[in-house]
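A look at the structure
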Amino acid sequence: MGRLQAHMAILVANILFSLNYSYSKSLIPGFLAPETLCMVRIGCAAVVFALVGVTMVRERIRWRDLGWLALAALFGTGGNQYIFLQGLQYTSPVDAAIISVTGPVLVLVISAILGRDRITWFKSIGIAVGASGALLTILYGGIANFGSGHLTGNILVFLAALSYASYLVVVKNLMMRYHPITVTAWMFGLSTLAMLPFLGGSVFTTEWGRLTAGAWGSLAFVVLGATVTAYLLVAGSLKRLKPTTVSIYMYLQPVIASVAAILRGQDKADWVKALAALLVFAGVFLVTQSYRFEEGRSKAVSRSGSDGVGLAEGSSGQPSKDCE
């Protein structure tokens, strides 16, 4: 996958993730419990990825990487999706999308803690601005809808965003060593085995005959579109792009999710949501601009420090081709 293809893949994945807010909300809690939707989503995806992996890829995993796969499964599938669906039953798709877009900032903070990135003053300002937008959404939702559990839902969605940000950082090295289908199949497989004893019973107690044709269509999209296709696209793009770059595309989610939710009558726009979204976008913009500033300064230092020969070049004189 080339760099342009990687960008297109993550773009499509985020469009699918954005629509998932509305389609999942149409299923819970009216037709399915969050536990049921989570189990069906993870279990079906595990079966699909396992079949594709066995028939097409046939790649073995080193034993030493099983721990990292389990951690990626916890952050990226099991824990993340369960917490997200629990929160979504209490909050609105628009609020959830605004809070989830804090992902790029969370990725930066986690990368900095692990020593893979550094937080500058410029980035700190961006983090503070973006966090204020997320905090405004969380607290306002709880105040304006005090009796509906909005505050609890918003907090859970934020924890899900934190979990997914951790997944992007953890899974990067795995994607560089294995085929995306191999990594994704193991992730969903481990998540299914871990969650089956706790959530499996809800699948059998669900009254599946109550689902309408529209509900079945929503479920098909959540499983095949927002899970199988979207996670595979993210996995492929991580072989070429940095986790921070991948997370930047989450900017699109509030816009697409808001339009979808409003058109389907699941939410309505107001000035607080608009202000919160603006703050989140501004914060993420400041963080990403800091990377361009650092990159430009690094190139300038390289040129001035090597008499016209960039320090970024390797021993062969060829420019480095690090992931963007």
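Residues numbered from 1 in each chain as written. Predicted model: local features only at pLDDT ≥ 70, side-chain atom pairs only at ≥ 80, totals over all residues. Heavy atoms only, no water.

Threshold: UniProt positions are given in the numbering used here, feature names are shortened, and annotations may be inferred rather than shown by experiment.
Naming follows an unreviewed UniProt entry, where the chain appears as DMT family transporter of Candidatus Rikenella faecigallinarum. As its UniProt record puts it under Subcellular location (unreviewed entry), the chain is described as follows: "Membrane". Taken from UniProt, the Sequence similarities (unreviewed entry) comment for the chain reads in full: "Belongs to the EamA transporter family."

1. A look at the nonpolar core
Quick note on the threshold: Only buried residues count toward a nonpolar core, which is a set of Ala, Val, Leu, Ile, Met, Phe, Trp, Tyr and Cys residues joined through side-chain atoms within 4.5 Å. Three labels apply to residues, based on accessible area from a 1.4 Å probe with only protein chains included: buried if under 20% of the type maximum, exposed if over 50%, partly exposed otherwise in between. A helix here means a DSSP run of H or I that spans at least four residues, while a strand means a run of E at least two residues long, and both kinds are numbered starting from the N terminus. In this description, contact between two residues means that some pair of their heavy atoms is separated by no more than 4.5 Å.
Counting residues in hydrophobic clusters, the biggest one holds 67 residues, and the most contacted among them are Leu-37, Tyr-167, Leu-168, Val-171, Val-183, Leu-219 and Val-234. Looking at this core, the elements that each hand over two or more residues are α1 (3-25), α2 (34-57), α3 (66-88), α4 (93-100), α5 (103-113), α7 (150-177), α8 (180-205) and α9 (213-237). Tallying contributions element by element places α7 first for this core, with 12 residues. Residues contacting Leu-168, with those up to four places away along its chain left out, are Val-107, Val-234, Leu-238, Pro-243, Val-246 and Ser-247.

2. Digging into the environment of Ile-98
Looking at the element boundaries, Ile-98 is found in helix α4. Since its relative accessible area comes to 2%, Ile-98 is described here as buried. Along the primary structure Ile-98 and Met-250 are separated by 152 residues, whereas in three dimensions their C-alpha atoms are 9.6 Å apart.

3. As for α5
Counting buried residues in α5 gives eight out of 11 residues, a clear majority hidden from the surface. All of the buried residues in α5 are Gly-103, Pro-104, Val-105, Leu-106, Val-107, Leu-108, Ile-110 and Ser-111. Two residues or fewer after α5 comes Gly-115, characterised by a positive phi angle close to 80 degrees.

4. Re the pattern of salt bridges
For side chains of opposite charge, pairing can occur when their charged atoms come near one another. Stated formally: One speaks of a salt bridge when a side-chain nitrogen belonging to Lys or Arg is within 4 Å of a carboxyl oxygen belonging to Asp or Glu.
Across all of its chains, the model carries one salt bridge by this definition. With its nearest N and O atoms 3.0 Å apart, the salt bridge here joins Arg-177 to Asp-65. Of this pair, Arg-177 sits in helix α7 while Asp-65 sits in the loop between α2 and α3, and the two are 112 residues apart along the sequence. Of the residues examined, Arg-177 reaches a relative accessible area of 38% and is grouped as partly exposed. On the basis of relative accessible area, Asp-65 is assigned to the buried category, the value being 3%.

5. So, the side chain of Gln-89
The condition that has to hold: Between N or O atoms, a polar contact is any pair within 3.5 Å; within protein, one atom must be a potential hydrogen donor and the other a potential acceptor, and residues adjacent in sequence are included only when both atoms are from side chains.
Inspection of the secondary structure puts Gln-89 in the loop between α3 and α4. A polar atom in the side chain of Gln-89 sits 2.9 Å from the side chain of Gln-86. With residues up to four places along the chain from it excluded, the contact list for Gln-89 reads Lys-25, Ile-28, Pro-29 and Pro-34.

6. A short note on the side chain of Asn-80
Here Asn-80 lies in helix α3. The buried category is assigned to Asn-80, whose relative accessible area is 8%. The residues contacting Asn-80, other than those within four sequence positions of it, are Leu-74, Phe-75, Ala-160, Ser-163, Tyr-164 and Tyr-231.

7. Brief notes about the packing of α7 against α9
What counts here: To get an axis, a line is fitted to the C-alpha atoms, and for a helix only the part in contact is used. The angle between two axes follows their N-to-C directions and goes from 0 to 180 degrees. Each angle receives one of four descriptions, namely roughly parallel if under 35 degrees, roughly antiparallel if over 145, roughly perpendicular if within 65 to 115, and oblique otherwise. In this scheme the crossing of two helices becomes right-handed for a clockwise turn of the near helix relative to the far one and left-handed for an anticlockwise turn of less than a right angle.
Running from N to C, α7 and α9 cross one another at 55 degrees; their axes reach a closest spacing of 10 Å. Relative to α9, α7 is oriented oblique. In this structure, α7 crosses over α9, and the sense of that crossing is right-handed. Touching Tyr-164, Tyr-167, Leu-168 and Met-175 of α7 are Tyr-231, Val-234 and Ala-235, all from α9.

8. Here we look at the packing of α2 against α8
Where α2 contacts α8, the two axes come as close as 7 Å, and the packing angle between them is 145 degrees. As for how α2 packs across α8, the hand of that crossing is left-handed.

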